[in-house]
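# Observations on chain architecture
Chain by chain, the residues run as shown.
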6 protein chains.
Amino acid sequence: MPIVTIQVTREGTAPGASSTTPEQKAALIKGASELLRDVLGKPMESTFVVIEEVDTDNWGWGGLPALDYRKKLAAFAAASSR
Amino acid sequence: MPIVTIQVTREGTAPGASSTTPEQKAALIKGASELLRDVLGKPMESTFVVIEEVDTDNWGWGGLPALDYRKKLAAFAAASSR
Amino acid sequence: MPIVTIQVTREGTAPGASSTTPEQKAALIKGASELLRDVLGKPMESTFVVIEEVDTDNWGWGGLPALDYRKKLAAFAAASSR
Amino acid sequence: MPIVTIQVTREGTAPGASSTTPEQKAALIKGASELLRDVLGKPMESTFVVIEEVDTDNWGWGGLPALDYRKKLAAFAAASSR
Amino acid sequence: MPIVTIQVTREGTAPGASSTTPEQKAALIKGASELLRDVLGKPMESTFVVIEEVDTDNWGWGGLPALDYRKKLAAFAAASSR
Amino acid sequence: MPIVTIQVTREGTAPGASSTTPEQKAALIKGASELLRDVLGKPMESTFVVIEEVDTDNWGWGGLPALDYRKKLAAFAAASSR
């Protein structure tokens, strides 16, 4: 009876995609269900998986909206490599 | 001060509806609040109810996206009744 | 496939109880599952209910820990009724 | 490694806005991250903040959808002040 | 920046264990993080995994507390196989 | 009507404390409620704050249980500073 909730930012990670694709979602569902089966012996039919997509404006990291924080990290990395 | 969170797939269950209707949402809110009042004596005005609608692609069951799993269950049921 | 999550403070509401009793939990589970069946037609066997009990220190309302806020409300009510 | 989840109704509170503005979201993210830093010493870069916007139809209070309950409170307040 | 929340009942699935063991928890954390890396390319160091253990009294399925529902399912299966 | 959920690991950050102290919890509740008041104008009395404390075994980061990942980070930092 496990419930696995996967929260990700609403953005594409596959070429040309602007958000998580149906194929990626199916892979996340399959993988998470199999993980609970393999580690805890939970039957696949008693596992729920819920994927929550969150706008990047709505996700904060390092005190900033996600995209701004990524820019900050990138700038820091660039400065460190000079 | 209870919080009741109701997660359902974004699909219609009323005739002609493609998702949960405002009337159904109001009934869920009323019913959940009354349940906490009747069982635990919690005043209605101190209970929050949050309804989260989840796209069917984003809900996994049996290792598959919800709609695919339902097809699998239906096919299994049909085969068993032959 | 609904999931109903019920968050309540860890305190007794039944005589002599210091937290929600097993009987009350069973009544919450039954009531929540029947609510989803009656309003949205969801089969009982495909509904999960999760009850989360939260220490009163860990629940804030009105900017205060729950028990302190209740005292504030009670004092306010007493003052208003003089 | 804290996670702060902020659930608010999807409505505007800034002049002319119909929902929480990007600037308000950034202020919520900054404030929540600083709160965990100042109270628990958690580094900003290890704090996630997730803002969930909920349609007003999907938020219940006092056994009613939010907007209906606000009307009820307003009517009550008006009646009490006569 | 994904967050994976895994909710399971507080019971043992390994021999002699009364709840999920530290080794099983580490395997769930590793597996969930690798799943997000492999499917969505998310770096391991930006994925949080939170495991929530729920008392069996606090988990409802089929309108009953989990252990009662399992007994019901077992009795049904036994009756069907006669 | 906001709900702010703060998830932190169950460990002490104040001298001699093994988990978040009541005073720290009260400060988190006050700060989170004031944040919603100051940014979105939400009245303090309509904001719930829920603090969830998670065992360090139950929190994963970088594919490892939290304490193991911290050791890994510390070792990496030490090696980089030689």
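Criteria and thresholds
- Residues numbered from 1 in each chain as written.
- Chains lettered and ligands numbered in written order.
- Predicted model: local features only at pLDDT ≥ 70, side-chain atom pairs only at ≥ 80, totals over all residues.
- Heavy atoms only, no water.
- UniProt positions renumbered as here; feature names shortened; annotations may be inferred.
- Helix = DSSP H or I, 4+ residues; strand = E, 2+ residues; numbered from the N terminus.
- Buried < 20%, exposed > 50% of the residue type's maximum accessible area, 1.4 Å probe, protein only.
- Contact = heavy atoms within 4.5 Å.
- 1 Å grid on protein atoms, 1.4 Å probe; cavity = no way out; pocket = protein on both sides within 12 Å on 5 of 7 lines; lining within 4 Å.
- Points joined across faces, edges and corners; volume = space filled by probe spheres on them.
- Buried area = accessible area lost by both parts, 1.4 Å probe.
- Salt bridge = Lys/Arg side-chain N within 4 Å of Asp/Glu carboxyl O.
- Polar contact = N/O pair within 3.5 Å; in protein donor to acceptor, adjacent residues only side chain to side chain.
- Expected span 1.5 Å × (residues − 1).
- Least-squares fit on C-alpha atoms with pLDDT ≥ 70 in both.

### Here we look at the UniProt feature "active site" (unreviewed entry) in chain A
- Here, the residues flagged by UniProt with the feature "active site" (unreviewed entry) are Pro2(A).
- Note on placement: Pro2(A) falls in the segment before strand S1 (3-9).
- On the basis of relative accessibility, which here comes to 1%, the residue Pro2(A) falls in the buried class.
- Ignoring anything within four residues of it in the chain, the contact list for Pro2(A) reads Leu36(A), Lys42(A), Ser46(A), Thr47(A), Phe48(A), Phe48(C), Gln7(E), Val8(E) and Trp59(E).

### Some remarks on the UniProt feature "domain: 4-oxalocrotonate tautomerase-like" (unreviewed entry) in chain A
- Sites flagged by UniProt as "domain: 4-oxalocrotonate tautomerase-like" (unreviewed entry) map to residues 2-64 of chain A.
- In this annotation, residues 2-64 of chain A is assigned 30% helix and 29% strand; the end-to-end C-alpha distance for the span is 33 Å.

### Observations concerning empty space enclosed by the protein
- With the rule as written, the count across this model stands at 3 cavities of 30 Å³ or more.
- As a volume, the largest cavity reaches approximately 490 Å³.
- Lining of the largest cavity is provided by 22 residues; of these, Glu52(B), Glu52(C), Glu52(D), Glu52(E) and Glu52(F) occupy positions nearest its centre.
- For the lining of the largest cavity, the secondary-structure elements that each account for two or more residues are S1 of chain A, strand S1 (3-9) of chain B, strand S1 (3-9) of chain C, strand S1 (3-9) of chain D, strand S1 (3-9) of chain E together with strand S1 (3-9) of chain F.

### Notes on the interface of chain B and chain C
- Every contact between the two is made by 27 residues of chain B and, on the other side, 27 residues of chain C.
- Between chain B and chain C the total buried area reaches about 2,400 Å² when both faces are included, carbon and sulfur atoms providing 72% of it.
- For the chain B face of the interface with chain C, the top three residues by lost area are Met1(B), Leu35(B) and Leu40(B), together amounting to 28%.
- Across the salt bridge formed by Glu11(C) and Lys42(B), the nearest N and O atoms sit 3.7 Å from each other.
- For the pair chain B and chain C, the number of links is 5 residue pairs in polar contact (both at pLDDT 80 or more).
- Listing elements by their share of the side of chain B that touches chain C, those giving two or more residues are S1, helix H1 (22-40), strand S3 (59-61) and helix H2 (66-80) of chain B.
- Among the elements that line the side of chain B that touches chain C, the one with the most residues is H1(B), at 9 residues.

### Concerning helix H1 (residues 22-40) of chain C
- When the terminal C-alpha atoms of H1(C) are compared, their 27 Å separation across 19 residues agrees well with the 27 Å that a helix rising 1.5 Å per residue should span.
- Taken residue by residue, H1(C) has Gln24(C), Lys25(C), Leu28(C), Ile29(C), Gly31(C), Ala32(C), Ser33(C), Leu35(C), Leu36(C), Val39(C) and Leu40(C) as its buried positions.
- Elements in contact with the buried residues of H1(C): S1 and H1 of chain B, S1 and strand S2 (48-54) of chain C together with strand S3 (59-61) and strand S4 (64-65) of chain E.
- Two residues or fewer past H1(C), Gly41(C) is found with a positive phi of approximately 70°.

### Quick notes on the relation of the copies chain A and chain E
- Overlay of chain A on chain E (RMSD 0.0 Å): rotation 180°, translation along the axis 0.0 Å. What the superposition gives is, in effect, a two-fold axis relating one chain to the other. Considering only C-alpha atoms, the residue of chain A closest to the rotation axis is Thr5(A), which sits at 2.5 Å.
- Looking at the interface residues of chain A, 100% of them are also at the interface in chain E, so both copies use one shared face.

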